[in-house]
Amino acid sequence: MPTYTNLILKAATTEQDQQQSMQVRIVVFVDEQKYPLYTEVDDEYNDKSDVWIALCDRTMDDGKVEQGVPVGTVRLISVSEKVGKLGRLAVISDARGLSLGKKLVQLVVRDAGTRGMESIIIHAQYDKQGFYEKLGFTVEKGDEETFLEDGTPHIRMWHRNVGKSKN
Ligand SMILES: CC(C)(COP(=O)(O)OP(=O)(O)OC[C@H]1O[C@@H](n2cnc3c(N)ncnc32)[C@H](O)[C@@H]1OP(=O)(O)O)[C@@H](O)C(=O)NCCC(=O)NCCS
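Residues numbered from 1 in each chain as written. Predicted model: local features only at pLDDT ≥ 70, side-chain atom pairs only at ≥ 80, totals over all residues.

Caption draft 1: Local environment of the site of the ligand. In the region of the ligand, 18 residues are neighbours, and Arg96, Gly101, Lys102, Gly130 and Phe131 sit closest. Every element with two or more residues in the shell around the ligand is listed here: strand E4 (83-91), helix H3 (100-114), strand E5 (119-125) and helix H4 (129-133). Looking at the shell around the ligand, its residues break down into 8 nonpolar, 5 polar and 5 charged. (Near = placed C-beta within 6 Å. Helix = DSSP H or I, 4+ residues; strand = E, 2+ residues; numbered from the N terminus. Nonpolar A, V, L, I, M, F, W, Y, C, P; charged D, E, K, R; others polar.)

Below you can see the structure in the form of C-alpha cells.
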C-alpha cells in the first residue's frame, strides 16, 4: 500500500489544478463508482463552481516517491448569496481514512463562511450520510426520503451553521 504525506490543500486556480481535479473525479466516480463519463466531463457546473484539490507525496512500497499527486477534490456552487452547494467530493481509494475528505469539507465550509454564506446543501450519496453528519450536516424534517440522482440513491442534507461552527 502506498503511503501519503505532505498534504497540500489548495484552490484550483490554474488549468493544471482543474485537470488534476477532473482526474480524481474520473478515477473515483467513473472508474470506481461506474457513473457515465459525461456526468463528469460535461457537467454544467464545471466552469461555474469553486474547486479545491488535495495533493500529497506518494511513497510506493519499493520506496519510490512521487511528489504532488492529486488525491482529492471538492467543489462549491453558489446557489445564492447565502446558500452554497457542496459537491463532487472525492478521495482516491487508497488515500481514504486519512481525514482528507473531512479536511476538504471543512475547508469549503470555512470558505463559504468567509464569503457570507449561511447554509450549505448537499445531495449526498445515501451511504455517505454518516460521514457528512460528523461534519455538521443533517437531514431535515421532510427530507428523509432518498431520491435517485444519476441512478443511485441520494439524500438531501444541510449545514446551517456555516461561519458559526468549527465544522
Ligand atoms: C466519502 C469520502 C470522500 C470520505 O473520504 P475519507 O478521506 O476517506 O474520509 P475521512 O478519513 O476524512 O473520514 C472522516 C470521518 O468520517 C468517517 N467516514 C468515512 N466514510 C464514511 C461513511 N461512508 N459513513 C460514515 N462515516 C464515514 C471516518 O471513519 C472518519 O471518522 P472519524 O473522524 O470519527 O475518524 C471517500 O470515501 C470517497 O471519496 N468516496 C468515494 C466518492 C464519494 O462517495 N464521494 C461522496 C459523494 S456524496
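Past the structure itself, the notes keep going.
Caption draft 2: Region of interest: helix H1 (residues 15-32). Under the 1.5 Å per step criterion, the end-to-end length of H1 is 24 Å for 18 residues, consistent within 8% with the ideal 26 Å. Of all the bends in H1, the greatest, near 30°, is centred on Ile26. Among the residues of H1, those classed as buried are Gln20, Ser21, Met22, Val24, Arg25 and Val28. Looking one or two residues past H1, Lys34 carries a phi angle of roughly 70°, positive in sign. (Expected span 1.5 Å × (residues − 1). Bend = angle between axes of the 7 residues up to and from the residue. Buried ≥ 20, exposed ≤ 12 C-beta atoms within 10 Å, placed from the backbone.)

Caption draft 3: Region of the structure containing the sheet that holds E5. One open sheet holds the 7 strands; their spatial order is E1-E2-E3-E4-E5-E7-E6, and the pairing between them is mixed. Two strands bound the open sheet, and with one partner strand each, they are strand E1 (3-11) and strand E6 (147-149). For this sheet, the mean inter-axis angle between neighbouring strands, taken without regard to orientation, is 35°. Here E6 runs beside strand E7 (residues 152-159); their pairing, made up of 3 bridges, is antiparallel. When the bridges of E7 are listed, Leu148 appears paired with Pro153. H1 rests against strand E2 (50-59), strand E3 (65-78) and E4 of the sheet, and its axis sits at about 90° to E3. The strands touched by H3 are E1, E2, E3, E4, E5 and E7; relative to E3, the strand with the most contacts, the crossing angle is about 45°. (Pairing = 2+ DSSP bridges. Axes fitted to C-alpha atoms, helices over the stretch in contact; angles between N-to-C directions. Contact = placed C-beta atoms within 7 Å.)

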